[in-house]
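Below are the chains, spelled out letter by letter.
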Amino acid sequence: MAKKKEEALSLEEALIKLEETVNKLQQEEVSLEESFQLYQQGMDYVKVCSQTIDQVEKKVLLLNQEGNLEEL
């Protein structure tokens, strides 16, 4: 999976892709090699989700420090 494509995903899109990947991993007919590839894809989606959530948290903290609205 290309890095630029990962970064372009919204949080919702990454979560959907992650769920699809997990569902594929749970299928019995998945080979060991395919499992490793799916695992790596899943970890890439987890990374995108984590980075997106971190960015949002930092924006919320910044708003709070400046005395603006404290909405979560």
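Right above here is the structure, for reference.
Residues numbered from 1 in each chain as written. Predicted model: local features only at pLDDT ≥ 70, side-chain atom pairs only at ≥ 80, totals over all residues. Heavy atoms only, no water.

Engineer: Quick one: what's the story with a negative patch on the surface, residue by residue and with numbers?
Structural biologist: Residues Glu28, Glu29, Glu33 and Glu34 make up a contiguous surface patch of negative charge. Within the secondary structure, glutamate 34 is located in helix H3 (residues 32-65). Judged by its relative accessible area of 36%, glutamate 34 is partly exposed. (Patch = residues over 30% accessible without salt bridge, like charges linked within 9 Å, V, L, I, M, F, W, Y side chains within 5 Å. Areas by Shrake-Rupley, 256 points an atom, 1.4 Å probe, with all protein chains shown as cover. Salt bridge = Lys/Arg side-chain N within 4 Å of Asp/Glu carboxyl O. Lys, Arg positive; Asp, Glu negative; His and termini not counted. Charge placed at Lys NZ, Arg CZ, Asp CG, Glu CD. Helix = DSSP H or I, 4+ residues; strand = E, 2+ residues; numbered from the N terminus. Buried < 20%, exposed > 50% of the residue type's maximum accessible area, 1.4 Å probe, protein only.)

Engineer: Any details on the environment of glutamate 13? Residues and values, ideally.
Structural biologist: Relative to the helices and strands, glutamate 13 is located in helix H2 (residues 11-25). Classification of glutamate 13 as partly exposed rests on a relative accessible area of 39%. Sequence-wise, glutamate 13 and cysteine 49 are 36 residues apart; in three dimensions their C-alpha atoms are separated by 9.3 Å. Separated by 2.8 Å, the side chain of glutamate 13 and the backbone nitrogen of serine 10 make a polar contact. (Polar contact = N/O pair within 3.5 Å; in protein donor to acceptor, adjacent residues only side chain to side chain.)

Engineer: Pulling in residues and values, what's your account of H2?
Structural biologist: An α-helical turn contains 3.6 residues, so any two residues separated by three or four positions project in the same direction. Over its 15 residues, H2 extends 21 Å from the first C-alpha to the last, a length consistent with the 21 Å expected when each residue adds 1.5 Å. Listing the buried residues of H2 in full gives Ala14, Leu18 and Thr21. Seen from one end, H2 has its buried residues packed into an arc of 65°, which puts them on one side. In H2, those exposed residues whose orientation departs by more than 90 degrees from the buried face are Glu12 and Glu19. (Expected span 1.5 Å × (residues − 1). Arc of directions from axis to C-beta.)

Engineer: Which residues make up the environment of alanine 8, and what are the values?
Structural biologist: Its location among the elements puts alanine 8 in helix H1 (residues 3-8). Owing to a relative accessible area of 63%, alanine 8 belongs among the exposed residues under this scheme.

Engineer: Which residues make up the nonpolar core, and what are the values?
Structural biologist: Ranked by size, the top nonpolar core spans six residues in total: Leu9, Ala14, Leu18, Tyr45, Val48 and Cys49. Listing elements by their share of this core, those giving two or more residues are H2 and H3. In terms of residues, this core owes the most to one element, H3, which gives three residues. In this structure alanine 14 touches Leu9, Tyr45, Val48 and Cys49, once residues within four positions along its chain are discounted. (Core = buried A, V, L, I, M, F, W, Y, C linked by side-chain atoms within 4.5 Å. Contact = heavy atoms within 4.5 Å.)

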